[in-house]
Every structure is written in C-alpha cells, then in structure tokens.
Amino acid sequence: MLNKNQICSAEITGITSEGNGVCRIEGIAVFVPETAVGDKLEVRIVKVLKNYAYGIIERIIEPSPDRTDYYCPQYKKCGGCVFRHLSYEAECKIKDNIVKDAFRRIGGLDIGTDAFISAGETERYRNKAQYPLAIQDGKAVCGFYAPRSHRVIPIKDCLLQPEVFSEIVNCCLEHINANDLSVYDESTHSGVLKHIYIRRGAHSGQIMVCFVVRKDYSRQLYRLAHLLHHSFSDISSIIMNINPADTNVILGDKWLNLYGPDQIDDTMCGNTILISPPSFYQVNTAQAEKLYAKALEYAAPSPADVIADLYCGVGTIGLFMADHSASVIGIEIIPEAIDNARRNAAINEIYNAEFYCGDAGKVFEDLRTKGCSPDIIVVDPPRKGCSEQTLTSIIAASPKKVIMISCNPSTAARDVKWLSENGYAPQKVCGADLFPRTRHVECVVLLSRED
C-alpha cells in the first residue's frame with residue numbers, strides 16, 4: 001500500500017485526457033500533473049484511493065525530451081494551460097491519442113483517422129474571455145478561477161488572450177477601485193459586479209465588452225463605458241448583462257446597451273458573421289475554419305443535397321455549406337443566436353438557408369414528421385453530447401451521411417457508438433487543436449448509412 005507523503009521513484013509512461021502524467025508505483029496507477037512521457041522522477045504521494053493515487057513532483061531525476069521551458073507566471077496557479085511545459089509537437093501527439101483512445105475505449109470502434117489538425121499559432125488565439133471579479137486585500141481584482149475552486153487568481157496578462165484584453169481589464173480595474181464600485185462577493189452573495197466578458201472579431205478587430213452584474217448598475221457603469229470608448233478605438237459595443245442568480249451560470253437573460261450596437265461582426269469561412277453576447281462562436285477563428293473545412297470535406301455535398309445543421313449557433317457551418325448544397329436547415333436553442341443566423345444569411349445574400357429556434361432534438365423531430373428529409377446531417381453539440389431525442393430523430397430521418405463535430409471526444413465516441421449500432425458506420429475521425437496549451441481537443445467524425 002502507498003502512504004500519503006511517501007516519496008517514490010517512477011517513470012511517466014502516459015498522459016490522461018485531463019493532462020496528468022501516469023506512472024505505476026507498487027502496481028498502483030499514480031497520476032502526476034505537469035509531467036511528460038519519459039520523465040524519471042521522485043514523486044511525493046499526496047492522495048491515496050482504493051485503486052489509484054495522486055502525486056506531485058518532488059524532484060526531476062531525468063527530464064523527458066518532450067519538456068520545454070514555460071514563461072507564464074500564472075501557469076501553475078490558474079490551471080488553464082496544462083501542457084505549457086511540453087513542446088507543441090508533444091502536445092499534439094497527446095491530443096491525437098486522446099481522440100483515438102476515446103473511440104477505441106469508450107466507443108469500442110476501430111475507425112480510420114486523418115492527420116491531426118495542429119494550430120499555426122499557440123498564443124493569443126482566443127477571441128473570447130470571461131473574467132470573474134473579486135475583492136482581495138481591499139481591492140478589486142480580476143483573473144481566472146484556481147483549479148476546482150472559485151478562488152480568483154489575479155492575472156495581469158494571459159498568453160492565450162489578445163494583449164488588448166488585458167489592457168481593457170486593467171483599465172476597468174483602475175476605474176472600479178478609484179470609484180469604489182461594488183464588486184460581487186460569492187461567499188456572502190453581496191455586491192454587484194460579477195464578471196467582465198470580452199469578445200473580439202479575429203478578422204474585423206471589433207471588440208465587445210460586457211459587464212455581468214447582479215442588478216441594474218447602468219448609472220455607475222456609463223462613466224466606465226465612456227472611458228473605455230475613448231481609450232480603445234476597437235471597442236464598438238459595451239453591454240450590461242443582469243444575472244441576479246447565485247449559480248455557476250455566468251450570463252442572465254436581461255441585456256442593456258451602454259454604448260454601440262448589441263453585436264459585433266467577424267468573418268468566418270468567407271462569410272460575414274454577426275455575433276451577440278450569448279451566441280456560440282468558436283473561440284479560435286483560424287482553427288475553426290480548418291475544422292469546418294474538414295467537415296465540408298467529409299460531407300462532400302452535391303448541389304442537390306439538403307443539409308440539416310443541428311446545434312447551429314450563429315449559422316457558421318450551415319452558411320459555409322450552403323453554396324455547396326440545395327438548401328440548409330439550422331436549429332439552435334438560443335434565440336439571439338438564431339436571430340444572428342438569419343441576419344447572417346441575409347447579409348451574405350444566402351437565400352437557401354432557414355433557421356429555427358428550439359431544442360435541436362424536438363424541433364428536428366417536428367420538422368421530420370412534416371416532411372423534412374435531409375441528405376446530410378451535421379451536429380455540433382455541447383460538451384455533454386447529443387440528446388437521446390436528437391440521435392433518435394437522426395436515425396428516423398435516415399440521411400445518407402452524418403457529420404459530428406465535438407469538443408468532447410468522450411461524448412462523441414459514446415454518441416457515435418449509438419449511431420453505429422443503429423445503422424450508421426463510422427468511416428473517419430480527425431482530431432483538431434482549437435485550444436493549444438489546454439487539455440481540450442475537438443474532433444470531427446464521418447458516418448455513412450449502411451444500406
């Protein structure tokens with residue numbers, strides 16, 4: 001048996017989907033963060049469970065050739081970048097294996113894989129950030145939550161975000177502290193300002209700043225909005241979101257414009273895209289374009305094909321595929337996203353796309369019973385995967401192809417397994433890195449109907 005604080009020698013032989021290294025000590029799997037395959041270490045055991053344990057690095061005896069120097073002062077505090085201590089080549093190999101392992105282990109599937117889609121840029125790639133606020137030592141601070149907690153780690157600059165995001169946040173903090181604006185305290189559920197939420201068009205450069213508050217705080221925020229407008233020329237929209245709920249859900253249902261319109265625009269796959277604050281839009285624009293190109297390659301639609309785009313967001317995938325098909329039907333549950341999708345179709349003069357608001361499974365089933373019979377179905381569900389009703393409706397519609405895009409290989413493998421047991425053969429899977437330096441990885445899967 002291993003004991004807490006016991007120090008053992010071990011070699012890291014694998015990496016989990018959470019980014020932890022794996023070694024075996026006395027026949028027990030031990031998970032060690034911030035390690036690399038090939039590391040020879042002294043490991044201090046910090047937690048022992050029935051069948052496995054957790055450890056930390058006590059000393060690196062011999063470093064893995066995959067290791068590299070990291071230069072982020074927050075790296076070991078915020079928990080966002082689990083792979084910053086590795087070369088990017090090693091990170092891509094790990095993520096490619098995470099995708100393959102999910103389909104083998106969870107799906108029990110042996111699928112052909114295409115070359116992993118790596119990122120051209122591993123820094124400053126995000127077009128969205130959500131910063132929680134807190135009071136520490138009598139001052140307002142802003143940053144990210146520490147791993148497995150709601151303790152805010154103050155961060156002056158994050159290497160995954162554009163530099164201007166940090167400049168905006170620091171400007172906000174100076175004003176908040178100078179004017180003693182009320183900041184939310186999660187422990188007492190008191191205070192007003194909860195989050196600073198920023199979006200930026202990667203191609204357009206337009207920036208939206210959103211303040212999430214517990215109650216209407218517009219009178220106090222108008223001065224800050226005026227300051228931001230005059231300090232940052234790229235800020236085109238400043239919005240207040242009211243969320244009185246004491247939950248982990250960041251955004252509420254009520255919005256108020258403090259400056260400019262209620263959306264920004266960007267370009268995705270050659271189309272102009274309007275983006276509202278609550279709308280889903282991939283955070284890495286350059287990599288999303290590569291991912292959607294792979295999805296189009298897998299779909300290979302003919303000019304006569306009808307495409308259904310489930311969980312369509314602001315319509316980026318469907319509008320991209322519209323020129324290659326007879327028509328596109330998009331479904332999304334967020335009303336603002338559907339409004340964006342319809343306006344995006346009009347702005348880009350795409351007249352063969354229709355968009356419906358509601359639960360993907362329920363709305364698609366209703367359309368199917370009314371005669372909707374797509375040749376190709378594209379699904380891009382949230383991390384929890386497709387609902388059972390969505391999967392059942394897909395089978396009932398009997399398209400010739402299903403293209404699944406997923407930000408969670410585990411739930412994708414589960415859903416693909418279900419489809420494979422109900423008449424759809426998985427043909428190919430391709431991993432893609434939309435979140436360099438983090439543990440997250442996307443994939444796209446092609447399934448064909450077995451006639």
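To be clear, the structure that these remarks concern was listed above.
Residues numbered from 1 in each chain as written. Predicted model: local features only at pLDDT ≥ 70, side-chain atom pairs only at ≥ 80, totals over all residues. Heavy atoms only, no water.

*Asks:* What is the right way to look at the nonpolar core in this model?
*Replies:* In summary, soluble globular proteins display a tendency toward joint burial of nonpolar side chains. Ranked by size, the top nonpolar core spans 89 residues in total, and within it Ile168, Leu193, Phe211, Leu221, Leu228, Tyr292 and Ile403 carry the most contacts. Looking at which element gives the most residues to this core, the answer is helix α3 (residues 163-178), with eight residues. Non-local contacts of Tyr292, meaning those with residues more than four positions away in its chain, are made with Met268, Cys269, Gln282, Thr316, Ile317, Phe320, Asp380 and Ile405. Core analysis: the second largest hydrophobic core is formed by 58 residues, Ala36, Ile331, Val379 and Leu447 among them. (Core = buried A, V, L, I, M, F, W, Y, C linked by side-chain atoms within 4.5 Å. Buried < 20%, exposed > 50% of the residue type's maximum accessible area, 1.4 Å probe, protein only. Helix = DSSP H or I, 4+ residues; strand = E, 2+ residues; numbered from the N terminus. Contact = heavy atoms within 4.5 Å.)

*Asks:* Explain the packing of helix α2 (residues 88-105) against helix α10 (residues 409-420) here, please?
*Replies:* When two helices pack together, their arrangement is given by the angle between their axes and by how far apart the axes lie. At a minimum axis distance of 8 Å, the contact between α2 and α10 shows a crossing angle of 35 degrees. Handedness of the α2/α10 crossing: right-handed. Two secondary-structure elements touch here, α2 through Val99, Ala102 and Phe103 and α10 through Pro409, Ser410, Ala412, Ala413 and Val416. Looking at the contact of α2 with α10, its residues break down into seven nonpolar, one polar and no charged. (Axes fitted to C-alpha atoms, helices over the stretch in contact; angles between N-to-C directions. Left-handed = near helix turned anticlockwise from the far one by under 90°. Nonpolar A, V, L, I, M, F, W, Y, C, P; charged D, E, K, R; others polar.)

*Asks:* Just to check I follow, could you spell out the sheet that holds strand β11 (residues 193-200) for this structure?
*Replies:* Two orientations exist for strands paired in a sheet by backbone hydrogen bonds: parallel and antiparallel. Across the sheet, seven strands lie side by side as β10-β9-β8-β11-β12-β13-β14; this open sheet has mixed pairing. Where the open sheet ends on each side, the last strands, each with one partner, are β10 (152-154) and β14 (254-259). Between one strand axis and the next, the sheet turns through 35 degrees on average, direction left out of account. Sheet topology places strand β9 (residues 139-145) next to β10; three bridges connect them, and they run antiparallel. Residue pairing in the sheet places Tyr145 in a bridge with Val152 of β10. Running over the sheet, α3 touches β8 (128-136), β9, β11, β12 (207-213) and β13 (235-242) and is turned about 150 degrees from β11. In the packing of helix α4 (residues 218-231) onto the sheet, the strands contacted are β11, β12, β13 and β14, and the crossing angle to β14 comes to about 45 degrees. (Pairing = 2+ DSSP bridges.)

*Asks:* Help me understand the pairing of β13 in this model?
*Replies:* Consecutive residues of a regular strand have side chains that alternate between opposite faces of the sheet. Burial analysis of β13 places seven of its eight residues in the buried class, which makes it a mostly covered element. Here β12 pairs with β13 via seven bridges, running parallel. Each residue of the ladder has a partner; that of Met208, found in β13, is Ser237. Sheet topology places β13 next to β14; five bridges connect them, and they run antiparallel. Residue pairing for β14: Ile239 is matched across the bridge by Asn257.

*Asks:* Help me understand the pairing of strand β15 (residues 264-268) in this model?
*Replies:* Burial along β15 is one-sided: Ile264, Asp266 and Met268 are buried, and none of Asp265 and Thr267, which face the opposite way, are. Pairing between β15 and strand β16 (residues 271-275): five bridges, direction antiparallel. The residue bridging Asp265 from the neighbouring strand is Leu274, located in β16. Connecting the antiparallel pair β15 and β16 is a turn made up of two residues, with Cys269 showing a positive phi of about 55 degrees.

Limitation: the analysis is restricted to geometry and does not speak to function.
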